[in-house]
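Notes for the structure review
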Amino acid sequence: MTAVVKSVLTIVSILVLCGPSVALAQDDAPKQILFTNVNVFDGFADELAMDTDVLVEGNHIVEVGQNISAPDATVIDGGGRTLTPGLIDMHTHVTFETNQGTNGFNFYDFGGAGAMAAQALRDNMLMRGITTGRDIAGNSRGIARLIQQGQLIGPRLYTSGGVLSATGGHGDFGGPTDTIHNMDYGMLVEQSYIVDGRDDVIESSRRNFRNGAHFTKIMAGGGVASLYDPLEIYAATQEEIEAAVEIASEYGTYVAIHAYNDQSYKRSLDAGVRSFEHGFLVTEKTVKRMARMDQDIAWSFQCYMSVATFGDYDSMPDFFTHEQKLKGVAVGKGARNAAAMMLEHDVFMVGGSDMFSPAYGPRMKEDITCRVNMVNYPEAHALKMSTGNAGIVLKWSKVLDPYPTYHLGRIAPDSYADILLWEGNPLENIDLILDESKLHLVMKDGVVYKDIM
Ligand SMILES: [Zn+2]
């Protein structure tokens, strides 16, 4: 072969190799969307940034400011609407959506639980502006992965996978006379793991992580919606909680606990737990300790289910037994007190509804309005708990973070383009977030799912 032929062939191969990819690069240039004339709640600030522009490129925000120049961008004129981050619910149970709540997967089967989850994730969450959820007990590992891969329409989902619970603890769905564990259907499908001792905790944690959990949840105290556990019990030994933290730390992630009572909170703080759910019976001394830890830990508040639903025997879910309702009354009494102490001492906090089933699932945002209307949190604070602060806690999953590239829950450069447009200002009237006709646009990952502008 002559040198000329060789070089011609080389040029042809370069053209063949480069041609399509050059064309692809042009077609795939990330599309830009420019929101103009919007008033921005950035996820943290107490007030809106007025008359602002937000530039989205592909699936993330690249610029926030005034008079942004982006000649190739598709322009969405916000017309003075309020632009906020997509809402984040930090305490969901997406596989418990049937009428029977936590018992539903026993009455139906896990296929039914999955179908209900898919419907609720789309209709109750994404289409209502909740663009991210944290499933904090339940085997939604596959569902989270399907959403991540774009095979299911729903909010981003972070999941603990099956919850770790002692025999007779808040995650023991078995019968009172069961002598063999994991014969209960909920346990067979890994909604929960019965762990008694350090070795059980290690094995169950690793099984969860093997199949895609993003953090660990362990029941470290008694609960309301369970049959065998008084609120006052520890439900997990110091050694068991430490083992959960040890394995989670190996995977670069964190542990969340369920507990109401003070002694369980103290034990978990000692063990290195970072996310504290409920906690409505804690003492001020413990609250002060949590405040000193700043953003090393977070308190996760379920306002609606504790203040509005619990506390009043007759307003509790019909599927609760008499004993469960009595425990709910005790929790409800403590919740207002805990909410006030956490705010007063400036504990780093997030919010999650714990609201599921056809009766409560469509009303998840009432957990946010509850913080303003029933425990007197400022509007911006109530929203921050479900946007900016929540985004910080989700990043604690570190190497297991399914959405690791950008921030979540904020309107700022290098944040995922999860964006809502509202008619009106929720910082002045929080109740408007419950009116779906006021939610004019829902964008997740740069894709518009609702647009009634
Ligand atoms: Zn819960």
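Worth saying up front: this structure is predicted, and the values here are computed from it rather than measured.

Turning our attention to the pattern of salt bridges. On inspection of all chains with the given rule, the structure shows 16 salt bridges. Of the charged contacts in the structure, one is a salt bridge between E436 and R128, with a shortest N-O distance of 3.5 Å. In this pair, E436 is assigned in the loop between β17 (419–422) and β18 (439–444) and R128 in the loop between α3 (110–125) and β7 (130–135), connecting sequence segments 308 residues apart. Residue classification places E436 among the partly exposed residues on the basis of a relative accessible area of 22%. Its relative accessible area of 22% is what places R128 among the partly exposed residues. With its nearest N and O atoms 3.1 Å apart, the salt bridge here joins E190 to R141. Taken together, the residues E190 in the loop between α5 (185–188) and β10 (192–194) and R141 in helix α4 (residues 141–148) connect sequence positions 49 residues apart. In the salt-bridge network here, residues are joined through shared partners; they are R141, E190, E203 and R207.

It is worth spelling out helix α7 (residues 238–250) at this point. With 13 residues, α7 ought to run about 18 Å at 1.5 Å a step, and its terminal C-alpha atoms sit 18 Å apart, in line with that. Those residues of α7 lying buried are E240, I241, A243, A244, V245, I247 and A248.

So, on to the coordination of the zinc ion. Taken together, the protein ligands of the zinc ion are H91 (NE2), H93 (NE2) and D354 (OD), with distances of 2.0 to 2.4 Å. Sequence positions of the donors to the zinc ion reduce to the motif H-x1-H-x260-D. By relative accessible area, H91 is classed as buried at 1%. Take H93: its relative accessible area is 7%, and that puts it in the buried class.

Across all of its chains, the model carries 1 disulfide by this definition. Disulfide partner of C303: C370, at an S-S distance of 2.1 Å. Because the sign of the S-S torsion sets the handedness, a value of about -65° for the bond joining C303 and C370 places this disulfide among the left-handed ones. Of the two residues, C303 sits in helix α10 (residues 303–309) while C370 sits in helix α13 (residues 366–373), which places them 67 residues apart along the sequence.

On to the pairing of strand β11 (residues 216–219). In β11, alternate side chains face the same way, and those of T216 and I218 on one face and K217 and M219 on the other are all buried. Examined bridge by bridge, β11 and strand β12 (residues 255–261) share 4 bridges and lie parallel to one another. When the sheet's bridge partners are listed, I218 is paired in β12 with I257. Note that the unit made of β11, α7 and β12 has a crossover that is right-handed.

This part takes up the side chain of D354. Structurally, the position occupied by D354 is in the loop between β15 (349–351) and α12 (357–360). Of the buried charged residues, D354 lacks a salt bridge, with K217 as the closest side chain of opposite charge at 7.0 Å. At a separation of 3.0 Å, a polar atom in the side chain of D354 contacts the side chain of H93. With near-sequence residues (within four places) excluded, D354 lies in contact with D89, H91, H93, H278, Q302 and M305.

A few words on the packing of aromatic side chains. Counting across every chain of the model gives 15 aromatic pairs. Residues W299 and F301 carry aromatic rings whose centres are separated by 4.7 Å and whose planes lie at 20° to one another, so their mutual orientation is stacked. Both residues of the pair, W299 and F301, count as buried. Here the aromatic residues Y260, F280, W299, F301 and Y377 are joined through ring pairs into a cluster of three or more. Residue placement shows R134 over the ring face of F215; its charged tip is 5.4 Å from the ring centre.

Time to look at the domain arrangement of the chain. The domains assigned to the chain are domain 1 (1–27), domain 2 (32–85 + 410–451) and domain 3 (87–400). Computed over C-alpha atoms only, the centres of domain 1 and domain 3 are separated by 57 Å.

Calculation rules
Residues numbered from 1 in each chain as written. Predicted model: local features only at pLDDT ≥ 70, side-chain atom pairs only at ≥ 80, totals over all residues. Heavy atoms only, no water. Salt bridge = Lys/Arg side-chain N within 4 Å of Asp/Glu carboxyl O. Helix = DSSP H or I, 4+ residues; strand = E, 2+ residues; numbered from the N terminus. Buried < 20%, exposed > 50% of the residue type's maximum accessible area, 1.4 Å probe, protein only. Expected span 1.5 Å × (residues − 1). Donors = N, O, S within 2.8 Å, 3.2 Å for Na, K, Ca; no water. Disulfide = S-S within 2.5 Å. Pairing = 2+ DSSP bridges. Right-handed = clockwise from strand over helix to strand, strands pointing away. Lys, Arg positive; Asp, Glu negative; His and termini not counted. Polar contact = N/O pair within 3.5 Å; in protein donor to acceptor, adjacent residues only side chain to side chain. Contact = heavy atoms within 4.5 Å. Phe/Tyr/Trp six-rings, centres within 6.5 Å; stacked < 30°, edge-to-face > 60°. Lys NZ or Arg CZ within 6 Å of the ring centre and 35° of its normal. Domains from an automatic or database assignment.

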